[in-house]
Protein chains: 2
Amino acid sequence: MIDFTFHNPTRIHFGKDSLSHLKEEVLRYGKRVLLVYGGGSIKRIGLYDQVMSILNELGATVWELGGVQPNPRLSLVYKGIDMCRENGVELVLAVGGGSAIDTAKAIVSGACYDGDAWDLFTGKGTNTETLPLGTIVTIPAAGSEMSNSCVITREEDQCKRGRNTPLNFPCFSILNPEYTYSLPPYQTACGVVDIMAHMMERYFTQVENVELTDRLTEGALRTVINNAPIVFEKPEDYDARAEIMWAGCLAHNTLYQTGRVGDWASHKLEHELSALYDIAHGAGLAIIFPAWMKYTLPRGGEKKLAQFAIRVFDVPEDFGTLEEIALEGIRRLEAFYRSLGLTTTLHENGIGAEDFDRMADRCAAMMGGSVGFFVKLNAADCKAIYELAL
Amino acid sequence: MIDFTFHNPTRIHFGKDSLSHLKEEVLRYGKRVLLVYGGGSIKRIGLYDQVMSILNELGATVWELGGVQPNPRLSLVYKGIDMCRENGVELVLAVGGGSAIDTAKAIVSGACYDGDAWDLFTGKGTNTETLPLGTIVTIPAAGSEMSNSCVITREEDQCKRGRNTPLNFPCFSILNPEYTYSLPPYQTACGVVDIMAHMMERYFTQVENVELTDRLTEGALRTVINNAPIVFEKPEDYDARAEIMWAGCLAHNTLYQTGRVGDWASHKLEHELSALYDIAHGAGLAIIFPAWMKYTLPRGGEKKLAQFAIRVFDVPEDFGTLEEIALEGIRRLEAFYRSLGLTTTLHENGIGAEDFDRMADRCAAMMGGSVGFFVKLNAADCKAIYELAL
């Protein structure tokens, strides 16, 4: 176990009645509110009306920034920053999934930074304060509601950049599993893959003696794997939706990373993929993660991949060699993804090898020539993984 | 799963170099520091000198409140409150185990309350603010370093009362597993029992569909059970000490309680025991918890106790009936406690039945006639559990 600091100050209100806490939260931070959301889904499920009615009751002044898209764009962030500055916004409230929340995160930091908000993603500049941020979550996936992460894409060059900082923790997040009842199965599936990836990126580490965090992560993975089929069969099963939603929130709140070094190569590899092809992040991860596993297996990954297979997918300890156990674990992971209706190869998505060099180069270059910590990957390794994913 | 709010703002600095964060923390809160600690152990391991040297380097003014005893006393709390008020203390720093931390918690609240600090424990009064509190942990057991709990004993009538409030979360806690190397085996054992009890009190619930928190707790219990024998054999095994210390901190930070109702009868039963007999809290729990399990098993506890046996102690699913599986789990728990050098019966501690009526009455009366939620216990039930523990 390595030294760490753990601090997650986000207040979580979870459950059927969680929206009742919105009032006390708005009163805590201020009544000049910027509402950030995507498209029609929060209106379709009635959440928009509920939120507006609470804000109106409070006498809050509300500015609206709708139209957030998947892989959220820098241009909308700029627009939100201007709205905050022009109107003296006191609280930014994101309603939706990770894209709405990440847009809002970039806004609350950018509004307190004097330069170009993109600087915060390139490391050229930093802020020390933010506007208060609250979230109401409708998609269990990104875990942004309790995470220090934020990922934004600059449209002009399809450059997708993440920023991890304690400044990104929301002040509060409201999670009601009922809001996820009407999620299309595809979006539920992509969310499940993303949630599992947030756990697995941390799980696959070369840091030894991390039994507690290993076991917490294994238990959380099993929970998601057990409950996903239930919500596919019964989309309005509250308890299964609740398990996935709470698991998804904890998956990215940095607890499972304590005392260890995460890997994150699969996320980086996928970011290049979805930046170019606009494939959903979770759908991309379902393709990349198994390929990454197959590639790292003979390069130092055998022991941990076998542990994963045994403890998460119940591969018997006497199944075979460590390598055979690990491969069976990967096979079961792929089968699980496919049971969610997802694909596990690029060609099924009409994606060929034509951009592999460019993607691999950009991926490796981002981290100064290598990506990942479980196994350090250079551009050639990245390309080989894309090839395994074909 | 039931609705919940989860919020734990304590900043944790964990590891070999964690004390290096003390400086930044003191600068954050103020240089007028009240140091709260027990007896000689923090001096013996050199921690007192290290802390004083950092505080002196900063030019801090330090007042000292030593002499904290196990089952910490109200009189010392009063003394600390007076010291804070007389000297304009800006930060209370507890160095030690749960007793030092709980004393400090009662002080930081009491100093911001105009009446008798005992009111805060009887519910007669409440505070809305506290002085800032930091902790440096030397005993993994109470989990007070990241909990909302505080337990204080009023000496004059041996009345032991707990208070759970978000005001009790420390601002920061520093945990270095090396500080626990020289803990006597008995204290290590009592700590392990206490840590496990904090998990099990939450685990045993009648709330259904709590798979995530069940699995997190089971993983944490297994980790403690696996690492305890290692530290008995090799007291300076850093990694095993670290697993127990981090598990002990998370055990009581309220995460494992999210979405469920905890039981806490065993803690209440034990508090009456240790209030009268001054037995160590962990040693008392090793006696009470198995007796409580045996009593609740035929009264609605069968299913969960069997799950505990299977998932935590590897009792095979085909071992027998649910009842037999559960009983085997209890047997393995007792065997584990005994492997730590602890006893699991009252008579081994020279305690007879003479005070059972008084203890049972006080225990049940505290909660308006019944104690516990897994199975609601009245005074007669409490007495029967004490009898099972004989």
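My aim in this report is to walk through the structure given alongside it, one point at a time. (Residues numbered from 1 in each chain as written. Chains lettered and ligands numbered in written order. Predicted model: local features only at pLDDT ≥ 70, side-chain atom pairs only at ≥ 80, totals over all residues. Heavy atoms only, no water.)

1. Topic: the overall build of chain A
At step 1: Assigned secondary structure in chain A consists of 15 helices and eight strands.
At step 2: What you see for chain A is a C-alpha radius of gyration of 20 Å, in line with the 21 Å of a compact globule of 390 residues.
At step 3: Expressed along its principal axes, the backbone C-alpha trace of chain A runs to roughly 65 × 45 × 45 Å.
At step 4: Out of the 390 residues in chain A, the part that is buried amounts to 63%.
At step 5: Of the roughly 13,800 Å² of accessible surface on chain A, 49% is carried by carbon and sulfur atoms.
At step 6: Within chain A, one finds 36 positive and 50 negative side-chain charges whose respective centroids are separated by 2 Å. (Helix = DSSP H or I, 4+ residues; strand = E, 2+ residues; numbered from the N terminus. Rg over C-alpha atoms; globule rule 2.2 N^0.38 Å. Buried < 20%, exposed > 50% of the residue type's maximum accessible area, 1.4 Å probe, protein only. Areas by Shrake-Rupley, 256 points an atom, 1.4 Å probe, with all protein chains shown as cover. Lys, Arg positive; Asp, Glu negative; His and termini not counted. Charge placed at Lys NZ, Arg CZ, Asp CG, Glu CD.)

2. Considering the sheet that holds strand S5 (residues 133-137) of chain B
At step 1: The mixed open sheet is built from 12 strands, whose spatial order is S3(A)-S2(A)-S4(A)-S5(A)-S8(A)-S1(A)-S1(B)-S8(B)-S5(B)-S4(B)-S2(B)-S3(B). Whereas interior strands pair on both sides, the edge strands pair on one side only; in this sheet they are strand S3 (61-65) of chain A together with strand S3 (61-65) of chain B. Taken pair by pair, the neighbouring strands of this sheet meet at an average axis angle of 25 degrees, ignoring direction.
At step 2: Two strands pair when backbone bridges link them, and strand S1 (residues 4-14) of chain A and strand S1 (residues 4-14) of chain B are joined in this way by seven bridges, in the antiparallel orientation. Its bridge partner lying in S1(B), Ile12(A) is registered against Phe6(B).
At step 3: Contacts from helix H4 (residues 74-87) of chain A reach strand S2 (32-37), S3 and strand S4 (91-96) of chain A, with the element oriented near 165 degrees to S3(A).
At step 4: The strands that helix H4 (residues 74-87) of chain B touches are strand S2 (32-37), S3 and strand S4 (91-96) of chain B; relative to S3(B), the one it contacts most, it runs at about 165 degrees. (Pairing = 2+ DSSP bridges. Axes fitted to C-alpha atoms, helices over the stretch in contact; angles between N-to-C directions. Contact = heavy atoms within 4.5 Å.)

3. Considerations on unusual backbone geometry
At step 1: Phi at Asp314(A) takes a positive value of approximately 55 degrees, unusual for a residue other than glycine.
At step 2: Tracing the backbone through its elements, the reader meets Asp314(A) in the loop between helix H12 (302-313) and helix H13 (322-339).
At step 3: Take Asp314(A): its relative accessible area is 47%, and that puts it in the partly exposed class.
At step 4: Even without glycine at this site, Gln158(B) takes up a positive phi of about 50 degrees.
At step 5: Checked against the element boundaries, Gln158(B) lands in the loop between strand S6 (151-154) and strand S7 (159-162).
At step 6: Residue classification places Gln158(B) among the partly exposed residues on the basis of a relative accessible area of 31%.

4. Digging into the interface of chain A and chain B
Interfaces are frequently sized by the accessible area removed from exposure as the parts join.
At step 1: The interface of chain A with chain B comprises 41 residues on the first partner and 41 residues on the second.
At step 2: Buried surface at the junction of chain A and chain B, both sides included, amounts to about 3,500 Å², of which 56% is carbon and sulfur.
At step 3: Looking at the side of chain A facing chain B, the largest losses of area belong to Met1(A), Leu212(A) and Trp246(A), adding up to 18% of the total buried there.
At step 4: At the surface where chain A touches chain B, the tally comes to 26 residue pairs in polar contact (both at pLDDT 80 or more).
At step 5: Broken down by secondary-structure element, the contributors of at least two residues to the side of chain A that touches chain B are S1, helix H8 (211-233) and helix H9 (238-251) of chain A.
At step 6: In terms of residue count, the dominant contributor to the side of chain A that touches chain B is S1(A) (11 residues). (Buried area = accessible area lost by both parts, 1.4 Å probe. Polar contact = N/O pair within 3.5 Å; in protein donor to acceptor, adjacent residues only side chain to side chain.)

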